[in-house]
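# Survey of secondary and tertiary structure
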Amino acid sequence: MIVVILLAFAAMLVLNLPSLIKNRDFKLIAVYCLFYAASLLFSLLLAFNVKVPSPIIFVDNLFRAIRLSH
Amino acid sequence: MKTGLRPAAAAAATALLLLISSGCYDIVELDTISIVTGVGIDRDEKPGLIRLTVQVGKAETVGGGGETGKEISEKAYLVLDATDRSIVGALDSLRQDNSRTLFLHHNQLIIFGESHAKDGIADDIDALMRYHQSHMNVYMLVAEGNAREVLDTEMELEKIPSVGIDRMIKNKMEISKVYSVSLLELVSKLIDKSSAAAVPIIKSIKEKDLSRLSMQGLAVFKNGRMVGKLSENQTNGYAWMLGEIKSGSLKVNTGKDSAELNISACESKVKAVFDKNGMPKIQVDINGRFIVEQLIGFEGQPLEEVIGLLNKVAADTVKQVVLSCFKQTQRLNADIFGFGFHIHKYHSRKWKALEGRWEQIYPSLELALNIQTEILDTGKISISPKTA
Amino acid sequence: MTIEHSKISAGQFMFSIACFLHSSSLLTSFFVPITKQDSWIAHTIAMILCIPLMILYAQLAKSHPGLNLIQINEAVFGKVFGKIISLFYVWFFFTLVSLNMRDLGNFVSKTTMIKTPMPIIIILFILLCVWSAYYGLEVVTRYSTVFLIISAVILLISIIAITGLINPENFLPVFDLPIKNYIQVTHICSTIPFGETVIFLMITPYVDKSQKKLLRYFVGGLLIGGILILLVMLRDIAVLGNTIGYFSLPSFEAFRLGILFQTISHMEIMFSILLIILLYFKISFLFYASMLSLSQTLELKTYRPLLLPCAAFVAVYSIINYQNILIQIKAAQETIPFLWFTLEILLPALTLAVHYIKKSAAKKGNGKEAALR
């Protein structure tokens with residue numbers, strides 16, 4: 001499974017990197033790297049069965065704490 | 001066509017995608033499954049265990065039968081069983097001992113053995129509703145004796161018994177819809193705390209060397225347990241009360257003469273009336289229409305008189321049959337007609353006061369029957385040749 | 001400055017809304033256990049209550065013609081504050097994509113492809129959405145009319161197939177349950193399918209009609225989609241009766257029971273196909289709109305290079321969000337309506353209110369200047 005993930009992310013880089021570097025749009029490259037790193041990190045964590053905290057459960061608990069739920 | 005790494009990578013990715021999206025994980029080939037056509041659940045000798053019987057249809061022997069002169073001596077079906085604490089456990093052990101996986105999507109029947117039905121079927125219903133492969137329109141039956149016997153009975157005209165039983169049920173449905181109870185109907189009645197369900201009984205009769213199947217009567221389930229039976233006559237009463245008779249015949253007796261009437265249509269209307277204490281009284285209006293099939297006796301009487309007499313006697317007979325069924329359900333304290341449910345639906349505010357006490361109210365519930373009969377036709381002849 | 005250059009017709013816009021709403025007929029299992037046989041009443045009330053909501057959205061679009069939601073935020077709240085509010089919307093849209101993706105993955109793996117691991121289903125799907133988003137708005141919404149017609153035909157066939165099983169008494173007793181159940185379900189219904197149409201404010205500038213006439217398309221889409229969901233619910237209640245609260249996929253069971261001409265039965269595969277088609281439309285549209293809103297917020301020239309990493313992120317996000325369907329259902333019934341309410345109703349209303357205040361303050365300012373001269 002981990003091999004598949006790494007292959008998929010490598011393929012993504014291959015497809016996108018040439019056009020990104022050609023355009024020299026640094027803001028775009030920065031955002032790209034942010035999403036790339038985040039998804040790579042989380043997918044590897046999931047592959048290793050590490051429990052990742054979920055943002056929506058966090059918001060869910062927040063709303064329950066302020067009694068804003070049915 | 002541009003050359004380079006990018007198109008190559010895109011092509012490779014597309015090829016990989018095509019491979020994955022063919023869904024090869026979930027392939028099911030016809031020769032790797034055994035098609036289950038009937039399921040039976042019995043109480044095992046050891047306490048706390050049930051015996052699950054499945055009837056599997058063999059696809060090969062049913063298909064090509066056009067060869068003359070060759071005797072097909074092998075049965076077109078197979079009966080497997082397993083013992084376990086629950087249905088799911090038994091299905092699991094059947095899977096382990098079998099060269100093929102069980103395929104329950106085409107299952108048509110679920111038969112409960114009588115003793116197991118008396119123990120309670122609520123847990124089995126839970127498993128059946130959760131199990132993905134079970135459909136809610138399978139027919140439910142109770143076997144007098146063992147379900148395994150019923151599933152193992154070879155039928156003369158049908159290769160696979162479950163298909164035969166299914167056709168039997170459909171035949172009986174021509175008379176009345178009460179002879180078929182699907183899993184959905186059973187669950188619907190089980191969920192409602194005031195109602196009881198009535199499930200058809202099937203039994204395997206052995207006469208000399210042959211055995212055949214026969215469906216007679218209904219088994220009454222209350223709170224998931226079988227509490228009693230209704231005879232064939234009382235089943236008729238049940239059908240009349242619900243207005244669910246489409247055909248069939250009625251025997252009437254005037255003391256010295258009798259007649260056979262064919263039931264051509266029937267309607268019933270249920271109304272709940274409340275007295276000043278809030279206690280309910282059920283009023284049922286039944287309307288039956290008949291065609292005379294046979295007159296036995298009635299010599300020398302003019303036709304109008306005979307018809308009038310038959311009307312009255314038919315109404316009395318229907319009333320008697322309905323009351324006999326009603327009294328039996330009152331004895332068993334099982335509201336199979338859904339009177340409680342009716343009050344809940346149409347008078348929901350009054351029902352809230354009665355809900356907790358329905359068990360006490362039902363055995364002494366007053367029933368007012370109003371039966372109208374009409375003889376529409378007398379068949380191909382009107383005056384009997386006997387009166388000449 | 002717009003990132004998107006294509007235009008879509010008003011009819012495509014309306015049918016997109018209707019298709020988007022109709023795909024939520026899968027989600028009836030969230031609220032049906034609460035109001036059981038009266039669910040259709042709560043749903044109809046929610047539909048009627050959301051008509052003023054459509055008026056709000058149309059007004060917002062009309063007040064800033066040619067600007068999509070993110071641009072409106074910046075115009076009303078200023079650059080910094082507007083970007084902060086836009087980030088909330090971006091998070092909301094991405095969460096919507098991942099939640100719907102998760103629903104789809106659950107549905108496909110529970111009913112059709114039982115042994116296939118869910119990540120594979122999700123990844124295949126998101127790649128398809130990437131492909132359609134790559135080509136822009138016109139491609140994403142192009143098939144809305146066709147999908148809607150297909151789904152209406154399948155719905156009609158299913159209703160014909162179950163006519164033998166309908167029992168009108170299944171709708172009784174009416175109004176038997178405590179009032180708070182009805183309020184809860186009306187709340188859920190108005191935020192989960194209907195309120196999510198706030199996302200269409202992202203594409204209002206690209207509709208090929210004057211912004212003034214948008215209201216009728218908003219309301220038209222709402223009514224078509226809402227009535228289709230109502231038909232689905234009526235069919236399910238008529239067939240399943242009091243057992244409807246127990247099933248996690250009531251429409252699936254109702255489809256299973258239908259028989260056409262005594263031969264065609266076990267039609268649940270048609271339901272699966274229908275749901276996959278509709279959910280595909282909804283998810284690809286949501287994905288496209290979230291990409292558009294992300295790149296608009298960050299003021300990028302195009303979103304195309306970002307498609308793949310965001311797709312990966314969404315795929316992973318959808319698995320992280322709710323590990324367990326029971327938690328998802330409980331959250332959908334209890335807290336999500338309030339959360340969605342703030343994002344779908346409070347924020348746009350606030351935006352419109354601030355816009356009007358600014359406009360009247362500007363008028364007063366002009367008046368004062370005129371008076372001073």
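Here the structure is a predicted model, which is why all the values come from computation and not from measurement.

How each quantity is defined
Residues numbered from 1 in each chain as written. Chains lettered and ligands numbered in written order. Predicted model: local features only at pLDDT ≥ 70, side-chain atom pairs only at ≥ 80, totals over all residues. Helix = DSSP H or I, 4+ residues; strand = E, 2+ residues; numbered from the N terminus. Rg over C-alpha atoms; globule rule 2.2 N^0.38 Å. Buried ≥ 20, exposed ≤ 12 C-beta atoms within 10 Å, placed from the backbone. Contact = placed C-beta atoms within 7 Å. Domains from an automatic or database assignment. Nonpolar A, V, L, I, M, F, W, Y, C, P; charged D, E, K, R; others polar. Axes fitted to C-alpha atoms, helices over the stretch in contact; angles between N-to-C directions. Parallel < 35°, antiparallel > 145°, perpendicular 65-115°, else oblique. Left-handed = near helix turned anticlockwise from the far one by under 90°. Core = buried A, V, L, I, M, F, W, Y, C linked by C-beta atoms within 7 Å. pLDDT = per-residue confidence, 0-100. Arc of directions from axis to C-beta. Pairing = 2+ DSSP bridges.

What follows is about the overall build of chain C. Each helix and strand counted, chain C has 15 helices and 2 strands in total. Relative to the 2.2 N^0.38 estimate, which gives 21 Å for 373 residues, the radius of gyration of chain C is 21 Å and therefore close to what a compact globule would have. With the C-alpha coordinates aligned to their principal axes, the bounding extent of chain C is approximately 85 × 45 × 35 Å. In chain C, which comprises 373 residues, the share counted as buried stands at 53%. Long-range pairs, those at least 24 residues apart, make up 84% of the contacts in chain C between residues at least 6 apart in sequence.

A count of helices and strands for chain B gives 13 helices and 13 strands. In terms of overall size, chain B is more extended than a compact globule, its C-alpha atoms giving a radius of gyration of 27 Å where 388 residues would be expected to give roughly 21 Å. Principal-axis analysis of the C-alpha atoms gives chain B an extent of 100 × 65 × 60 Å. Looking at the 388 residues of chain B, the share that counts as buried comes to 35%. In chain B, 71% of the contacts between residues at least 6 apart in sequence involve partners at least 24 apart.

The next thing to look at is the domain arrangement of chain B. All names here are of chain B. Taken domain by domain, chain B consists of domain 1 (31–59 + 75–230) and domain 2 (241–388). When each unit is reduced to the centre of its C-alpha atoms, the spacing between domain 1 and domain 2 is 32 Å. Taken together, the elements giving at least two residues each to the side of domain 1 that touches domain 2 come down to helix H7 (161–175), strand S7 (197–207), strand S8 (210–222) and strand S9 (225–230). Looking at the side of domain 1 that touches domain 2 element by element, the count peaks at 3 residues for S9. Here the residues of the side of domain 1 that touches domain 2 are counted per class, giving 8 nonpolar, 4 polar and 4 charged.

Of note, the amide linkage connecting Leu172(C) to Pro173(C) takes the cis form, showing an omega dihedral of -10 degrees. Along the chain, Pro173(C) falls in the loop between helix H8 (144–161) and helix H9 (179–194). The residue Asn49(A) is not glycine, and still its phi comes out positive at about 60 degrees. Note on placement: Asn49(A) falls in the loop between helix H2 (26–47) and helix H3 (55–65). The residue Asn333(B) is not glycine, and still its phi comes out positive at about 55 degrees. Checked against the element boundaries, Asn333(B) lands in the loop between helix H10 (303–332) and helix H11 (339–346).

For the rest of this paragraph, the subject is the interface of chain B and chain A. Listed per partner, the contact involves 5 residues of chain B and 4 residues of chain A. In terms of residue class, the side of chain B that touches chain A is made up of 4 nonpolar, no polar and 1 charged.

A few words on the interface of chain C and chain A. Contacts between the two partners involve 23 residues from chain C and, on the opposite side, 27 residues from chain A. At the level of secondary structure, the elements contributing two or more residues to the side of chain C that touches chain A comprise helix H13 (307–321), helix H14 (325–334) and helix H15 (336–372) of chain C. When residues in the side of chain C that touches chain A are grouped by element, the largest group, 9 residues, is from H13(C). Classifying every residue of the side of chain C that touches chain A by side-chain character gives 16 nonpolar, 5 polar and 2 charged.

The next point concerns the packing of H8(C) against helix H12 (residues 268–297) of chain C. All names here are of chain C. Contact geometry of H8 with H12 gives a least axis separation of 10 Å together with a crossing angle of 155 degrees. Here H8 lies roughly antiparallel to H12, going by the angle between them. Relative to H12, H8 is oriented so that their crossing is left-handed. Between H8 and H12, the contacting residues are Ser144, Phe147, Ile150, Ser151 and Ile154 on the first element and Met270, Leu274, Ile277, Leu278 and Phe281 on the second. Its residues assigned to classes, the contact of H8 with H12 shows 8 nonpolar, 2 polar and no charged.

Moving on, we get to the nonpolar core. Counting residues in hydrophobic clusters, the biggest one holds 211 residues, and the most contacted among them are Ile111(B), Val199(B), Val220(B), Phe93(C), Ile126(C), Met291(C) and Val314(C). No other element matches H12(C), which puts 15 residues into this core. The residues contacting Val220(B), other than those within four sequence positions of it, are Ala196(B), Ala198(B), Met226(B), Val227(B), Gly228(B), Lys229(B), Leu230(B), Leu332(B), Ala334(B) and Ile336(B).

To continue, consider the environment of Pro193(C). Residue and element names in this part refer to chain C. Tracing the backbone through its elements, the reader meets proline 193 in helix H9. C-alpha of proline 193 to C-alpha of tyrosine 303: the two residues are 110 residues apart in sequence and 27 Å apart in space. Setting aside residues up to four positions removed in sequence, proline 193 forms contacts with Leu21, Ser24, Leu27 and Ile229.

Residue and element names in this part refer to chain B. For chain B, the average pLDDT comes to 84, and 93% of its residues sit at 70 or higher. Across chain B, element-level confidence peaks in strand S6 (residues 139–143) with a mean pLDDT of 93 and bottoms out in helix H2 (residues 59–63) with 58. Segment residues 63–72: pLDDT under 50, and 2 contacts once partners within four positions in sequence are set aside and those in other chains are kept.

The next thing to look at is helix H4 (residues 69–77) of chain C. Residues and elements named next belong to chain C. For H4, the full list of buried residues reads Leu69, Ile70, Ile72, Asn73 and Val76. For H4, the angular spread of buried residues about the axis comes to 160 degrees, placing them on one side. Trailing H4 by a residue or two, glycine 78 shows a phi angle of about 90 degrees, which is positive.

Here the focus is the sheet that holds strand S13 (residues 366–377) of chain B. Pairing between the strands of a sheet comes from backbone hydrogen bonds, and it takes one of two forms, parallel or antiparallel. Residue and element names in this part refer to chain B. Read across the sheet, 4 strands follow the order S10-S11-S12-S13 without closing on themselves; strand pairing throughout is mixed. With partners counted over all chains shown, the strands left at the sheet margins are strand S10 (249–253) and S13, one partner each. Pairs of neighbouring strands in the sheet enclose a mean axial angle of 40 degrees, with direction left out of account. H10 rests against S10, strand S11 (258–274), strand S12 (280–296) and S13 of the sheet, and its axis sits at about 145 degrees to S13.

Residues and elements named next belong to chain C. In this fold, leucine 56 is placed in helix H3 (residues 39–63). Owing to 18 C-beta atoms within 10 Å, leucine 56 belongs among the partly exposed residues under this scheme. For the pair leucine 56 and glycine 258, spaced 202 residues apart in sequence, the C-alpha separation works out to 41 Å. Those residues within four positions of leucine 56 in sequence are excluded, and the remaining contacts are Pro348, Ala349 and Leu352.

What follows deals with the confidence of the model for chain C. Looking at chain C, pLDDT values average 86 and 96% of them are 70 or higher. Across the predicted assembly, pTM comes out at 0.87 and ipTM at 0.90.

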